[in-house]
Amino acid sequence: MPLAPTQSLQLEYVRQQFPALLGDWIFFDNAGGSQILKPVVDRISEYLLTSNVQLGASYAISQLAGERVLCAREAVATLLNAASSTEVVMGGSTSLLLRILSLCLVQNWTVGDEVIVTNTDHEANVSPWMDLKQQGIVVKTWRLNPDTLELQLDDLEALMTPRTRLVAVTHASNILGTINPIRQIADRVHTYGAMLCVDGVGYAAHRLVDVQALDVDFYAFSFYKTYGPHYAVLYGKQAHLLSLPSINHYFIEQTDIPYKFQPGNVNYELSYGVLGLCDYLSHLATLHDPTAIEQSPRQRMVQAFDLIRSHEAILGDRLLCYLNSQPNVRIIGHPRANPDDRVPTISFVVDGIDSATIPPQLDPHRIAIRYGDFYAKRLIEELGLTAQHGVVRVSMVHYNTLAEVDRLIECFDRVF
């Protein structure tokens, strides 16, 4: 039975915060890059126009600039529920930050040590570890169950040994939309004394991340897929970051975290821009519950993401109900919109139709969707979908509406 529409999320307010939505395009390619919040743009402009100087000088504007960058890092720590802002490493992209992490970690490992990756991840959390084979690291692959399209914990257990140093896994697949049980995985990994590195890019736009509750060792995601600028964050437990060698200049202290992982320093204005995302989440919570103003910033974030989760479940349900009703459509992932199981990143294939031919037919209707492997090429190969040019993907977020989903369905009726 379809889920009942929710009136709890005030969509008029939400959509006003995203200037791109004032145009006539419907954006359903959000897993590739969400639209940016105006409060984020405002923060970036504020930094560039009033404090665009180098940090660390004695003069007042430099001091202001430093305070702003630090404030942004502290806000991101709150967003992640990190124990300290020194556990927050900012950088250009998730791919870059995970590559830096791998280059640092391998210096503490020895030939024959082992890493486990999955065949469901975006390549950002695969290649940095696969490439360590050149240095004598053994890399194993945790494969999804072909029947359930899920990663099974027992299959991970069979791969773990006393030489396992790290397991790399996605929080939510950018094709399947499936939410993996990260805390259970972390518990299993830690019994072997290994570390867990999670790619949260497909998750962080839909759910609030809590690195302490998940007990992850490393966690990364990109802000440009989370309503912010083209920028990213890597969380690492402080003890791990302190033990790792620096990738920065030789005179940067070993204890200087996160700076020792940020050659050339952070991008000041983009760091400050991320504060706009935190502003938005706070305002979203207080708009729906005025008493939230008395709560902590983190508690307001929890409330905001509760609203996001509920609305997105309605969106996902509308589209999945339609796709399930089409006999020639195969959904790649969970067929139901249970928010405990999946996010509204929905992929499918149509029998007898090349996936590459479907999105262009929606372009004249100004509906943005996409086809392909989405850099999860190993998963597409595993599913035997390469010749079909991968999947068609509709990736929705909370600023999308049921009316937009219905317009998409009308177009699909003509295509299928």
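Above this text sits the structure in question.
Rules used throughout
- Residues numbered from 1 in each chain as written.
- Predicted model: local features only at pLDDT ≥ 70, side-chain atom pairs only at ≥ 80, totals over all residues.
- Heavy atoms only, no water.
- Helix = DSSP H or I, 4+ residues; strand = E, 2+ residues; numbered from the N terminus.
- Buried < 20%, exposed > 50% of the residue type's maximum accessible area, 1.4 Å probe, protein only.
- Expected span 1.5 Å × (residues − 1).
- Pairing = 2+ DSSP bridges.
- Axes fitted to C-alpha atoms, helices over the stretch in contact; angles between N-to-C directions.
- Contact = heavy atoms within 4.5 Å.
- Phe/Tyr/Trp six-rings, centres within 6.5 Å; stacked < 30°, edge-to-face > 60°.
- Lys NZ or Arg CZ within 6 Å of the ring centre and 35° of its normal.
- Disulfide = S-S within 2.5 Å.
- Parallel < 35°, antiparallel > 145°, perpendicular 65-115°, else oblique.
- Left-handed = near helix turned anticlockwise from the far one by under 90°.
- Nonpolar A, V, L, I, M, F, W, Y, C, P; charged D, E, K, R; others polar.
- Salt bridge = Lys/Arg side-chain N within 4 Å of Asp/Glu carboxyl O.

Chemist: Outline unusual backbone geometry, listing residues and values.
Modeler: What you tend to see is this: most non-glycine residues have negative phi, and most peptide bonds are trans. The step from Ile257 to Pro258 runs through a cis peptide bond, and the omega angle for that step is 10°. Mapped onto the secondary structure, Pro258 falls in the loop between helix 9 (238–243) and helix 10 (268–273). Positive phi outside glycine occurs at Asp215, with the angle close to 55°. With respect to the secondary-structure elements, Asp215 resides in the loop between helix 8 (211–214) and strand 7 (218–222). Phi angles above zero are rare outside glycine, and Phe374 is one such case at about 55°. Within the element layout of this structure, Phe374 appears in the loop between strand 12 (370–372) and helix 14 (377–382). Exposure remark for Phe374: the relative accessible area of 9% places this residue in the buried category.

Chemist: Requested: an account of helix 15 (residues 402–415), with residues and values cited.
Modeler: The terminal C-alpha atoms of helix 15, which comprises 14 residues, lie 20 Å apart, in line with the 20 Å expected from a rise of 1.5 Å per residue. Along helix 15, the positions that sit buried rather than exposed are Leu402, Glu404, Val405, Leu408, Ile409, Cys411, Phe412 and Val415.

Chemist: I'd love a proper account of the sheet that holds strand 13 (residues 391–395), names of residues and values included.
Modeler: Strands sit in the order 9-10-13-12 across an open sheet of 4 strands; the sheet is antiparallel. In this open sheet, the two strands that pair with only one neighbour each are strand 9 (329–331) and strand 12. Here the average twist between neighbouring strands, direction ignored, is 35°. Note: strand 12 against strand 13, 3 bridges, orientation antiparallel. Each bridged residue has a counterpart across the sheet, and for Tyr371 the counterpart in strand 13 is Val392. Contacting strand 9, strand 10 (345–350) and strand 13, helix 12 (residues 297–324) runs over the sheet at an angle of about 15° to strand 10.

Chemist: With reference to specific residues and values, describe the packing of aromatic side chains.
Modeler: Evaluation of the coordinates by the stated rule reveals 13 aromatic pairs. Ring geometry for Tyr227 against Tyr399: centres 6.1 Å apart, planes inclined by 65°, an arrangement best described as edge-to-face. Taken as a pair, Tyr227 in the loop between strand 7 and strand 8 (232–236) and Tyr399 in the loop between strand 13 and helix 15 lie far apart in primary sequence, 172 residues in all. For the residue pair Tyr227 and Tyr399, the accessibility class agrees, reading buried in each case. Centre to centre, the rings of Phe412 and Phe416 are 4.8 Å apart; their planes meet at 15°, and the pair counts as stacked. Chaining the aromatic ring pairs together yields one cluster made of Phe18, Tyr227, Tyr280 and Tyr399. We note Arg393 situated over the ring of Phe374; from NZ or CZ to the ring centre the distance is 3.8 Å.

Chemist: Kindly report on the state of the cysteines, identifying the contributing residues and their values.
Modeler: Inspection of the entire model under this criterion finds 0 disulfides. Looking at the unpaired Cys197, the closest cysteine sulfur is the one in Cys104, lying at 12 Å. You can call Cys197 buried: its relative accessible area is 0%. Between Cys321, a cysteine without a disulfide, and Cys411, which holds the nearest cysteine sulfur, the sulfur-to-sulfur distance is 19 Å.

Chemist: Describe the packing of helix 3 (residues 60–80) against helix 11 (residues 275–288), naming the residues involved and giving the relevant values.
Modeler: The geometry of helix 3 relative to helix 11 is characterised by a closest axis approach of 9 Å and an angle of 50° between their N-to-C directions. Comparing the axis directions of helix 3 and helix 11 gives the class oblique. Here helix 3 runs over helix 11; the crossing is left-handed. Only Leu275, Leu277, Cys278 and Leu281 of helix 11 make contact with helix 3, whose side of the interface consists of Cys71, Ala72, Ala75 and Leu79. Broken down by class, the residue content of the contact of helix 3 with helix 11 amounts to 8 nonpolar, no polar and no charged.

Chemist: Describe in detail the environment of Glu312, supporting the description with residues and values.
Modeler: Within the secondary structure, Glu312 sits in helix 12. For the pair Glu312 and Gln238, spaced 74 residues apart in the sequence, the C-alpha separation amounts to 34 Å. Not counting chain neighbours up to four residues away, the residues in contact with Glu312 comprise Ala205, His206, Arg207, Tyr227, Pro344, Met396, Val397 and His398.

Chemist: How would you explain the pattern of salt bridges if you had to name every residue and give the values?
Modeler: Enumeration according to the criterion identifies 22 salt bridges in this entry. We note a salt bridge from Arg163 to Asp113, for which the minimum N-O separation is 2.9 Å. Residue Arg163 is located in the loop between helix 6 (153–159) and strand 5 (164–170), and its partner Asp113 is located in the loop between helix 4 (94–105) and strand 3 (114–118); the two are separated by 50 residues in the primary sequence. A relative accessible area of 33% means that Arg163 is categorised as partly exposed. One salt bridge connects Glu312 with Arg207, and the closest N-O pair in it is separated by 4.0 Å. With Glu312 in helix 12 and Arg207 in the loop between strand 6 (195–199) and helix 8, this residue pair connects regions lying 105 residues apart in the sequence. Pair check on accessibility: Glu312 and Arg207 agree, each one buried. Look at the salt bridges and you will find they share partners, linking Asp29, Arg370 and Arg393 into a network.

Chemist: Describe the environment of Gly200, listing the residues and the values that go with them.
Modeler: Its location among the elements puts Gly200 in the loop between strand 6 and helix 8. Distance in space between the C-alpha atoms of Gly200 and Pro290 is 30 Å, their sequence separation being 90 residues. With near-sequence residues (within four places) excluded, Gly200 lies in contact with His171, Tyr219, Ala220 and Phe221.

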